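Coordinate analysis (summary)
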Amino acid sequence: MLYNLKSLKEAQVSGKTVLLRADLDVPIENSQILDDSRLNSWFPTLEYLLGNGAKIIIVGHLGRPNGADKNLTLLPVANWIATKLKAQIVEEKIGDFDGWKITDSVSLIENIRFYKEEEENDQEFARKLAQLGTIFVNDAFATAHRSHASTEGIAHFIPSYAGLRVLQEVEVLSRVLESPDRPLGVVIGGAKIETKLPLVEKMHSLADYVMVGGEIAENDKVLLKVQHEKVSDRKSVLLVADLNQSRQDITAKSAENFLQLLADAKTIVWNGPMGKIEDPDFQNGTLTLAEGIINIRAYSILGGGDTIGFLRSKTLLDKFSFVSVGGGAMLEFLSGDRLPGLTVLEQK
Ligand code: 3PG
């Protein structure tokens, strides 16, 4: 295993206040949560803590706000948690932070990225957060690649442990990184190009096939090819998709080529949609690929919020072997980078 993490199960949580870092970054439209997979991922950890007599303060972020942007309030998430716990929310101050009381034992802090100190990993800010509780549990795998106050800084001040979901993600992804069944195919699409481009480069040393579609293929075709040639220890064959006339989806031929190359894969990792899947006209590439990967019957790992929500709506999600909550975090883990949100939870 790549990390020797302190498990939540080692902590004495009874009667303690636990700060729980959770993945709350879910798609929301008109105050409606479009896909709650990420929220469900840490819910067993919350239930474990409640069952063992802890009080819990949940901390997390939504989107990339610039200051306290009310469009990115966690109010819909507070209501979601309240529904799950059969409770009603009440606004409350949690230390200096705005938030909601959900039950006598569970509170939620408003979007922690409303404070610029969060992303700066400001030590005073991290200390202030830590002072709200006595134990820190991180179950936010999708944010483990960020060195922020609520993911990394806080763990320097109070005893800190990995949550149940983080432990599971690390176990599954360590296996893929350390001894994957080969051939290993990695498919990367979607946006967030600045995060993904360096990760594609690192995949050439791990994977046998690297396939790139979506916005990243459109914008960086030449760069991707140059990058590939420059990697001296590359194992991989690289395929970059062509886009169709709309420029919003990959061509049917590209999807077919991807699947042809993947046909003998034993492990397939996929992150990011092939087209603009919010629009029904541009879903073909992603759907064809999903159905094709499912038919190949390799060990298939899917990550990334947008693709997960979309494939869940098409009832294809449970046909994948493992669904990671991480998008960028999953890729960064598999690229071999150390994730700061995990390193800080290791046994000393
Ligand atoms: C994600 O959606 O991948 C995580 O919530 C991290 O978001 P970020 O890329 O804005 O840090």
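In this report, the structure presented in the accompanying data block is examined. Note that this is a predicted model, so its numbers are computed, not measured.

Some details on the packing of helix α1 (residues 37-51) against helix α2 (residues 75-84)
- Axis separation between α1 and α2 bottoms out at 12 Å; the angle between their running directions is 50°. The angle between the axes of α1 and α2 places the two elements in the oblique class. For the element pair α1 and α2, the recorded crossing hand is right-handed. Residues L39, N40, W42 and F43 of α1 form the contact with α2, whose participating residues are V77, W80, I81 and K84.
- A breakdown of the residues in the contact of α1 with α2 according to their chemical character gives 6 nonpolar, 1 polar and 1 charged.

Some details on the sheet that holds strand β10 (residues 184-188)
- Spatially, the 6 strands line up as an open sheet ordered β12-β11-β10-β13-β14-β15, and their pairing is parallel. Whereas interior strands pair on both sides, the edge strands pair on one side only; in this sheet they are β12 (237-240) and β15 (322-323).
- Of the pairings in the sheet, the one linking strand β11 (residues 209-212) to β12 comprises 4 bridges and is parallel in character. The residue of β12 that forms the bridge with V210 is L238.
- Lying over the sheet, helix α7 (residues 214-230) contacts β10, β11 and β12, oriented at roughly 155° with respect to β12.
- Seen against the sheet, helix α9 (residues 284-296) touches β10, β13 (267-271) and β14 (299-303) and runs at an angle of roughly 160° to β13.

Re the sheet that holds strand β4 (residues 55-59)
- Spatially, 7 strands are ordered β5-β6-β7-β4-β1-β8-β9 in an open sheet, and the strand pairing comes out mixed. Each end of this open sheet is capped by a strand with a single partner; those strands are β5 (90-94) and β9 (160-162). Going from strand to strand, the sheet's axes swing by 30° on average, the running direction of each strand aside.
- Bridge count for strand β8 (residues 135-138) against β9 is 3 bridges, and the pairing is parallel. In the strand pairing of β9, N138 is matched with A162.

Things to note about the environment of L39
- With respect to the helices and strands, the residue L39 is situated in helix α1.
- For L39 and V325, which are 286 residues apart along the polypeptide, the C-alpha to C-alpha distance reads 9.5 Å.
- If sequence neighbours within four positions are ignored, L39 has contacts with D23, L24, V26, I33, V77 and W80.

Thoughts on the packing of aromatic side chains
- What the rule picks out here adds up to 9 aromatic pairs.
- For the pair Y3 and F333, a centre-to-centre distance of 5.7 Å together with 40° between the ring planes defines the contact as tilted. A residue pair is termed long-range when its members are at least 10 positions apart, and Y3 in the segment before β1 (17-21) and F333 in helix α11 (residues 328-334) qualify at 330 residues.
- Given the relative accessible area of 4%, Y3 is considered buried.
- Summarising the aromatic geometry, the rings of F97 and F125 are spaced 5.8 Å apart at their centres and angled 75° between planes, so their arrangement reads as edge-to-face.

Considerations on the pattern of salt bridges
- Under the counting rule described, the total for this entry stands at 19 salt bridges.
- The partner of D35 in a salt bridge is R312, and the shortest N-O contact between them spans 3.0 Å. Of the two residues, D35 sits in the loop between β3 (32-33) and α1 while R312 sits in helix α10 (residues 305-313), which places them 277 residues apart along the sequence.
- On the accessibility criterion, D35 (7% relative accessible area) is buried.
- Residue R312 is classed as partly exposed on the basis of its relative accessible area, which comes to 36%.
- Note that E119 is salt-bridged to R113, the shortest N-O span being 4.0 Å.

Considering the environment of H145
- Of note, H145 is situated in the loop between β8 and β9.
- H145 sits in the buried class, given a relative accessible area of 10%.
- As a C-alpha pair, H145 and G326 span 181 residues in sequence and 9.4 Å in three-dimensional space.
- Dropping the residues within four chain positions of it, H145 is found in contact with G328, A329, E332, L339 and P340.

Some words on the site of the ligand
- In the neighbourhood of the ligand, the contacting residues comprise D25, R38, H61, R64, R113, A142, R146 and K192.
- Considering the ligand on its own, with 320 Å² of exposed area, one finds that the protein chains cover 92% of that surface.
- For the shell around the ligand, the residue count by class is 1 nonpolar, 1 polar and 6 charged.

Reading the values: the criteria
Residues numbered from 1 in each chain as written. Predicted model: local features only at pLDDT ≥ 70, side-chain atom pairs only at ≥ 80, totals over all residues. Heavy atoms only, no water. Axes fitted to C-alpha atoms, helices over the stretch in contact; angles between N-to-C directions. Helix = DSSP H or I, 4+ residues; strand = E, 2+ residues; numbered from the N terminus. Parallel < 35°, antiparallel > 145°, perpendicular 65-115°, else oblique. Left-handed = near helix turned anticlockwise from the far one by under 90°. Contact = heavy atoms within 4.5 Å. Nonpolar A, V, L, I, M, F, W, Y, C, P; charged D, E, K, R; others polar. Pairing = 2+ DSSP bridges. Phe/Tyr/Trp six-rings, centres within 6.5 Å; stacked < 30°, edge-to-face > 60°. Buried < 20%, exposed > 50% of the residue type's maximum accessible area, 1.4 Å probe, protein only. Salt bridge = Lys/Arg side-chain N within 4 Å of Asp/Glu carboxyl O. Near = heavy atom within 4 Å. Areas by Shrake-Rupley, 256 points an atom, 1.4 Å probe, with all protein chains shown as cover.

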